[in-house]
Amino acid sequence: MQGGARGAVVTTEHLAGMFGLSLPFSDVPTKLVAKAVPLPMTVRGHWFLSPRTEYTVAVQTASKQVDGDYVVSEWSEIIEFCTADYSKVHLTQLLEKAEVIAGRMLKLSVFYRNQHKEYFDYIREHHGNAMQPSVKDNSGSHGSPISGKLEGIFFSCNTEFNTGKPPQDSPYGRYRFEIAAEKLFNPNTNLYFGDFYCMYTAYHYVILVIAPVGSPGDEFCKQRLPQLNIKDNKFLTCDEEDGVMVYHHAQDVILEVIYTDPVDLSLGTVAEITGHQLMSLSTANAKKDPSCKTCNISVGR
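None of these values were measured; they are calculated from a predicted model. (Residues numbered from 1 in each chain as written. Predicted model: local features only at pLDDT ≥ 70, side-chain atom pairs only at ≥ 80, totals over all residues. Heavy atoms only, no water.)

Asks: Residue-level account of helix H3 (residues 117-126), with values.
Replies: Residues of H3 that are buried include every one of Tyr119, Phe120 and Ile123, and no others. The arc that holds every buried residue of H3, seen down its axis, measures 95 degrees, which confines them to one face. Those residues of H3 that are exposed and aimed more than 90 degrees away from the buried face are Glu118 and Glu125. Considering only its buried residues, H3 is in contact with strand E8 (110-115), strand E9 (130-131), strand E12 (175-180) and strand E20 (269-272). One or two positions beyond H3, positive phi appears at glycine 128, with a value near 60 degrees. (Buried < 20%, exposed > 50% of the residue type's maximum accessible area, 1.4 Å probe, protein only. Helix = DSSP H or I, 4+ residues; strand = E, 2+ residues; numbered from the N terminus. Arc of directions from axis to C-beta. Contact = heavy atoms within 4.5 Å.)

If you want it as structure tokens, here you go:
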């Protein structure tokens, strides 16, 4: 059997059912083995499979006879299958691990999106001034149900500890669109946990999804992602104090926020940042470190 080492569990009973085999009585050992492995040998009764992975499986059985020899069957037909994305159960496990390191909450007032000047020029000229959702790349956990499927617009919201404002450096471009937090995140939106990962560094990232209530993005997330209480969670909150909306973000993780609807540039401002473009910090199509004990769960990468 080919593929990864962890994920869904396939037992000998599952394989027997897939191939129409009858398992013998317990005193006659039957072995389901990978095609490349010679017999006789002992095979455990299950394999851990990675999520979102294509596998090719063939089965051969061997029964030990009274004289000590084995009667070996012909190889079965080859079956190909693909394992599923993380379920809400798996994502809840990631959520709980992320909560452990999220840290204390800091105030924020804006969401921001960095790009090159040409990007904003293109939006004005070809999309009527409105940034359009695009399909999320394959960065993050291998089994994430939003990678390559969810459409949205990427925003940041982390602030600098000493200033309370967005950092002046960015991996994504020297021009920044800033928008007041309440225009994207408010009681008319739902908040979902999407992923938790790192890229072989000390930095850890949490992906959150903001979706207007009842929108296509909201319906997509409702079926696949754990929903967070917008007033009470460890990552990003929105609450009213003295008639004013107040926003907080987790200090010790880098939040990547995906907004699922178009956003008009007229709702905010575009300006050049004074800092540097730090390409080394880009997470575009970044692969998750499968060995990190902080952000991995036992069911897969």
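There is more to say after this.
Asks: A description of the packing of aromatic side chains should follow, citing residues and the corresponding values.
Replies: All told, the structure shown has six aromatic pairs when counted by the stated rule. Considering the side-chain rings of tyrosine 119 and phenylalanine 120, the 5.1 Å spacing of their centres and the 80 degrees angle between planes classify their relative orientation as edge-to-face. Pair check on accessibility: tyrosine 119 and phenylalanine 120 agree, each one buried. Here phenylalanine 155 and phenylalanine 177 contribute two aromatic rings whose centre-to-centre distance is 6.4 Å and whose plane-to-plane angle is 55 degrees, an arrangement assigned as tilted. Note that phenylalanine 155 is positioned in strand E11 (residues 151-156) and phenylalanine 177 in strand E12, a separation of 22 residues in sequence. By relative accessible area, which is 0% here, phenylalanine 155 ends up buried. For phenylalanine 177, a relative accessible area of 0% gives the class buried. The residue whose ring lies beneath arginine 224 is phenylalanine 220, and the NZ or CZ to ring-centre distance is 3.9 Å. (Phe/Tyr/Trp six-rings, centres within 6.5 Å; stacked < 30°, edge-to-face > 60°. Lys NZ or Arg CZ within 6 Å of the ring centre and 35° of its normal.)

Asks: Give me the lowdown on the sheet that holds strand E16 (residues 236-241), citing residues and values where you can.
Replies: Spatially, three strands are ordered E7-E17-E16 in an open sheet, and the strand pairing comes out antiparallel. Where the open sheet ends on each side, the last strands, each with one partner, are strand E7 (105-108) and E16. Across the sheet, the mean angle from the axis of one strand to that of its neighbour is 35 degrees, orientation sign disregarded. Across four bridges, E7 lies against strand E17 (residues 244-250) in antiparallel orientation. (Pairing = 2+ DSSP bridges. Axes fitted to C-alpha atoms, helices over the stretch in contact; angles between N-to-C directions.)

Asks: Lay out the pattern of salt bridges in plain terms, naming residues and giving numbers.
Replies: Counted under the stated rule, the structure contains seven salt bridges. Several salt bridges share partner residues, and in doing so they unite Lys117, Asp121 and Arg124 into one network. (Salt bridge = Lys/Arg side-chain N within 4 Å of Asp/Glu carboxyl O.)

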